Amino acid sequence: LKPTEQKDLPSSDETVGPFEGLLCTGRKLRRPQGSDPPVVRIGPGAGMQIRSLLLQVLFPACSLGYTTPQCLGWPDASAWSSLAAQMSSSGELHGPIRNGDYAECKTVGTNAYALSAAANGICMHAHDCAWKFCKASGYEYNLPAYVVEARTEGDISAALQFASEFDIEVTVKTTGHSYPGSSTAADSMLIWMANYPKDGTITTSYADSCGTTTDAVVGIGGGETWNDVIEAVNDQYHVVTGGGRTVSAAGGWLQGGGLSFSSREYGLGVDNAVDFRVVLANGTVVTADACANPDLFWALRGGGGGTFGVVTHVSYKLHPKVQVVKLDWGLLGFEAAVAAGKVDAVQKFVSQFLEFWVANCPDLDSRWSGFFAAANVHLTFMGSEADAKSTFIDTMQVLASYHATHPPCRGRY
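What counts and how
- Residues numbered from 1 in each chain as written.
- Predicted model: local features only at pLDDT ≥ 70, side-chain atom pairs only at ≥ 80, totals over all residues.
- Heavy atoms only, no water.
- Salt bridge = Lys/Arg side-chain N within 4 Å of Asp/Glu carboxyl O.
- Helix = DSSP H or I, 4+ residues; strand = E, 2+ residues; numbered from the N terminus.
- Buried < 20%, exposed > 50% of the residue type's maximum accessible area, 1.4 Å probe, protein only.
- Core = buried A, V, L, I, M, F, W, Y, C linked by side-chain atoms within 4.5 Å.
- Contact = heavy atoms within 4.5 Å.
- Pairing = 2+ DSSP bridges.
- Axes fitted to C-alpha atoms, helices over the stretch in contact; angles between N-to-C directions.
- Patch = residues over 30% accessible without salt bridge, like charges linked within 9 Å, V, L, I, M, F, W, Y side chains within 5 Å.
- Areas by Shrake-Rupley, 256 points an atom, 1.4 Å probe, with all protein chains shown as cover.
- pLDDT = per-residue confidence, 0-100.
- Parallel < 35°, antiparallel > 145°, perpendicular 65-115°, else oblique.
- Left-handed = near helix turned anticlockwise from the far one by under 90°.
- Nonpolar A, V, L, I, M, F, W, Y, C, P; charged D, E, K, R; others polar.

**Focus on the pattern of salt bridges**
Move 1: Counted according to the given criterion, the structure contains nine salt bridges.
Move 2: One salt bridge connects Glu231 with Arg245, and the closest N-O pair in it is separated by 3.1 Å. Of the two residues, Glu231 sits in helix α6 (residues 226-233) while Arg245 sits in the loop between β11 (237-238) and α7 (252-255), which places them 14 residues apart along the sequence.
Move 3: Arg245 sits in the partly exposed class, given a relative accessible area of 36%.
Move 4: Between Glu385 and Lys389 there is a salt bridge; the shortest N-O distance is 3.8 Å. Of this pair, Glu385 and Lys389 both sit in helix α12 (residues 385-404), separated by four residues, roughly a single helical turn.
Move 5: Residues joined by salt bridges that share partners form a network here, namely Asp365, Arg367 and Asp387.

Here is the structure:
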């Protein structure tokens, strides 16, 4: 920045020669055409004011949000080494992360177990979500700058305090099943929970801080998947789980609500959380339940993974073991029918099913749950086969019988 006039800087608060070039346009600094040159006033604290002004001109992104590697305030190598030294002997700091590091994730393909463990935690189960807006075409990578592989609450506390000191964005991930891409962010510090210690302990007559007793709970560590929980519970109880074994049990699925195959009978995942142990943004560790930190307990049950803190443990409700009946209803020959141009027949089939569903679902027994796919309906019933037939299957047989005689699409159950 070159002043158009030169003069000695006075000690009092008065105008100093106008400075040109205070608008950043691409790589050039210039003043808007036809505008008067801006002026800088010198007075108490002027040095800091000028420095702040220059930083906003030269590093505009740094004055608008989190600190990034492009900012002067980004921690140097010695600062990162200091963070690593504060971590436990089993915790690790990985970085700096480069865009090319994601190539390892691509070699894994779609293997969910391998993706959750590969490339120091940067892999996403939907590979497109490694880019901003989950779009690999025309957008920049959306990868963290560093990864904290947390093994203790102390590791998490140190990471959060470091991020607060340097104003670095924090993301939290266990497995990377977030299909909106919310468990990754460009230039962030990622707290990776996949290798955090597991629990799996089943406790009967479990009492929370209110003194309310739950018949049985299972302890879920912050890095566990539903596969870990299912294996721990085995066939002793019924547990309200996520839709896949590789999904995190204490992370985004649960904190985002937790829709399950048995939710209409036993509630969402959040309805089964008895208490949480959480590392807050300031690094402190608290327990949240209906009586201890009740506002936080309310927020964690649906506010989204990593929004209010990093969950390290959940006490999760278990239910008595029950028989489960599975019902699949689908379109046989759906793709062939569409390819053959029989779209009207397919649309008629779908319309008839939806009419049937709307007419029957308001009074459907709460033991029925499930979900819709593109050309199928997958339902589960918590109870005997006889009860499943009397509450819904017998009624559905009428629709099935009709479509069995009306090709090209046939129903099945």
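From this point, the narrative continues.
**Quick look at the nonpolar core**
Move 1: The biggest cluster of nonpolar side chains holds 28 residues, and the ones touching the most others in it are Ile220, Trp226, Val229, Phe276, Val314 and Tyr316.
Move 2: Those elements that provide at least two residues to this core are β10 (213-221), α6, α7, β12 (273-279), β13 (285-288), α9 (294-300) and β14 (310-317).
Move 3: Excluding its chain neighbours within four sequence positions, the residues that come into contact with Phe276 are Leu254, Val286, Thr287, Ala288, Phe297, Leu300, Arg301, Val311, His313 and Val314.
Move 4: Ala159, Ala163, Ile168 and Met193 belong to the second largest nonpolar core, which has 23 residues in total.

**Here's the deal with the sheet that holds strand β6 (residues 146-149)**
Move 1: With mixed pairing, four strands are arranged side by side in an open sheet as β5-β6-β8-β7. Looking at which strands have only one partner, the edges of the open sheet turn out to be β5 (92-94) and β7 (170-173). Looking at each pair of strands side by side, their axes are set apart by 20 degrees on average, direction ignored.
Move 2: The sheet contacts of helix α2 (residues 77-86) involve β5, β6 and β8 (189-192), and relative to β5 the element is tilted by about 155 degrees.
Move 3: Across the sheet, helix α5 (residues 153-166) is in contact with β6, β7 and β8; its angle to β8 comes to roughly 170 degrees.

**Here's the deal with a nonpolar patch on the surface**
Move 1: Taken together, the side chains of Val350, Leu354 and Phe372 define a hydrophobic patch exposed on the protein surface, amounting to about 250 Å² of accessible area.
Move 2: Relative to the helices and strands, Leu354 resides in helix α11 (residues 343-360).

**Some details on the confidence of the model for the protein**
Move 1: Averaged over all residues, the pLDDT of the protein is 84; the fraction at 70 or higher stands at 81%.
Move 2: In the predicted structure, residues 1-32 sits below a pLDDT of 50 and forms 55 contacts with residues beyond four places in sequence or in another chain.
Move 3: Long-range and interchain partners of residues 407-413, a stretch whose pLDDT sits below 50, account for 29 contacts in this model, where long-range means more than four residues apart.

**Things to note about the packing of α2 against α5**
Move 1: Relative orientation of the contacting elements α2 and α5 amounts to 155 degrees, with a least axis distance of 10 Å. Here α2 is positioned roughly antiparallel relative to α5, judged by the angle of their axes. Here the hand of the crossing between α2 and α5 comes out right-handed. Taken together, the residues of α5 that come into contact with α2 (itself represented by Ala79, Trp80, Leu83 and Gln86) are Ala158, Ala159, Phe162 and Phe166.
Move 2: Its residues placed into classes, the contact of α2 with α5 shows seven nonpolar, one polar and no charged.

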